[in-house]
Amino acid sequence: MNPEQLIPGESILTTSENNLIVLTTHRVRYSYSEWGQANTISIMLEKISSIQARYISYPLLLVAGGVAILVAFFIGSNRFGEQAPIVPTAIGIGCIIWYFMSRKHFCIITSDGGAKIAFSTDGVKREVVVSMIDKIEAAKSKRTDDLTKR
């Protein structure tokens, strides 16, 4: 966010490492662009209704992969044929790879009845995400207090 984009009396409190998220004294703004797409969402701090840090995984894939590999070892140890363990081994490895590829970490900032900001936090330490949430909550609290004093 450029200084000329700031509202009078507004200042930048913090930004994410990749500058996708900017927290100011008045709002939180998400700006993302890549080839053929651009997205900017801005939510005034007093309009934020919730912030969610979410992690999704499918551990059943990990279990299925382990079971398939165990079946492959069982088939191989009973000498059903040299080629027999290949299919369950491939399925097991595929399930394990799919498990790691399907894990998602993301954060969602929701406004009262308006747009929401959703972004990936893959590769970001949990402490950093929680710290960002804490900063947004503190800024919202201060902003709400300032508005009620007027």
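Data block above holds the structure.
As the structure is a computational prediction, the values presented were derived from the model and not from experiment. (Residues numbered from 1 in each chain as written. Predicted model: local features only at pLDDT ≥ 70, side-chain atom pairs only at ≥ 80, totals over all residues. Heavy atoms only, no water.)

Trainee: Mind laying out helix 1 (residues 59-77), listing which residues take part and the relevant values?
Mentor: If you check helix 1, its first and last C-alpha atoms are 27 Å apart, about what 19 residues at 1.5 Å a residue would give, namely 27 Å. Within helix 1, the full set of buried residues consists of L61, G65, A68, A72 and I75. For helix 1, the arc enclosing every buried residue in end-on projection is 90°, short of the 170-degree limit, so these residues lie on one face. Residues of helix 1 that are exposed and point more than 90 degrees away from the buried face comprise L60, V63, L70, F73, F74 and S77. Contacts made by the buried residues of helix 1 are with helix 2 (86-102). (Helix = DSSP H or I, 4+ residues; strand = E, 2+ residues; numbered from the N terminus. Expected span 1.5 Å × (residues − 1). Buried < 20%, exposed > 50% of the residue type's maximum accessible area, 1.4 Å probe, protein only. Arc of directions from axis to C-beta. Contact = heavy atoms within 4.5 Å.)

Trainee: Please provide a residue-by-residue account of unusual backbone geometry, values included.
Mentor: Despite not being glycine, N19 has its phi angle at roughly 60°, a positive value. Residue placement: N19 occurs in the loop between strand 1 (12-15) and strand 2 (21-24).

Trainee: Pulling in residues and values, what's your account of the sheet that holds strand 6 (residues 104-111)?
Mentor: The strand order across the open sheet formed by three strands is 5-6-7, and the pairing between neighbours is antiparallel. Here the strands that pair on one side only, and so sit at the sheet edges, are strand 5 (48-56) and strand 7 (116-120). Each strand axis lies, on average, 10° off the axis of its neighbour in the sheet, ignoring direction. (Pairing = 2+ DSSP bridges. Axes fitted to C-alpha atoms, helices over the stretch in contact; angles between N-to-C directions.)

Trainee: I'd like a description of the pattern of salt bridges, backed by residues and values.
Mentor: The full count for this structure, using the stated rule, is three salt bridges. Note that E10 and R27 form a salt bridge whose closest N and O atoms lie 2.8 Å from each other. Residue E10 is located in the segment before strand 1, and its partner R27 is located in strand 3 (residues 27-34); the two are separated by 17 residues in the primary sequence. For E10, a relative accessible area of 7% translates into the label buried. Residue classification places R27 among the buried positions, given a relative accessible area of 6%. (Salt bridge = Lys/Arg side-chain N within 4 Å of Asp/Glu carboxyl O.)

Trainee: Report on the sheet that holds strand 4 (residues 37-44), specifying residues and quantitative values.
Mentor: The four strands lie next to each other as 1-2-3-4, forming an open sheet whose pairing is antiparallel. Looking at which strands have only one partner, the edges of the open sheet turn out to be strand 1 and strand 4. Each strand axis lies, on average, 15° off the axis of its neighbour in the sheet, ignoring direction. Where strand 2 meets strand 3, three bridges bridge the pair, whose relative direction is antiparallel.

Trainee: Go over the packing of aromatic side chains with me, naming the residues and quoting the values.
Mentor: Scanning all chains against the criterion turns up three aromatic pairs. Judged by centre distance (5.0 Å) and plane angle (75°), the rings of Y99 and F100 are edge-to-face. By relative accessible area, which is 9% here, Y99 ends up buried. On the basis of relative accessibility, which here comes to 45%, the residue F100 falls in the partly exposed class. In textbook terms, an aromatic cluster arises when at least three aromatic residues are bridged by ring pairs, as seen for Y30, Y32 and F119. (Phe/Tyr/Trp six-rings, centres within 6.5 Å; stacked < 30°, edge-to-face > 60°.)

Trainee: So what about helix 2? Which residues, and what values?
Mentor: Over its 17 residues, helix 2 extends 24 Å from the first C-alpha to the last, a length consistent with the 24 Å expected when each residue adds 1.5 Å. Residues of helix 2 that are buried include every one of P88, G92, C95, Y99 and S102, and no others. Down the axis, helix 2 shows its buried residues gathered within 110° of arc, on one side only. Along its buried surface, helix 2 packs onto strand 5, helix 1 and strand 6.

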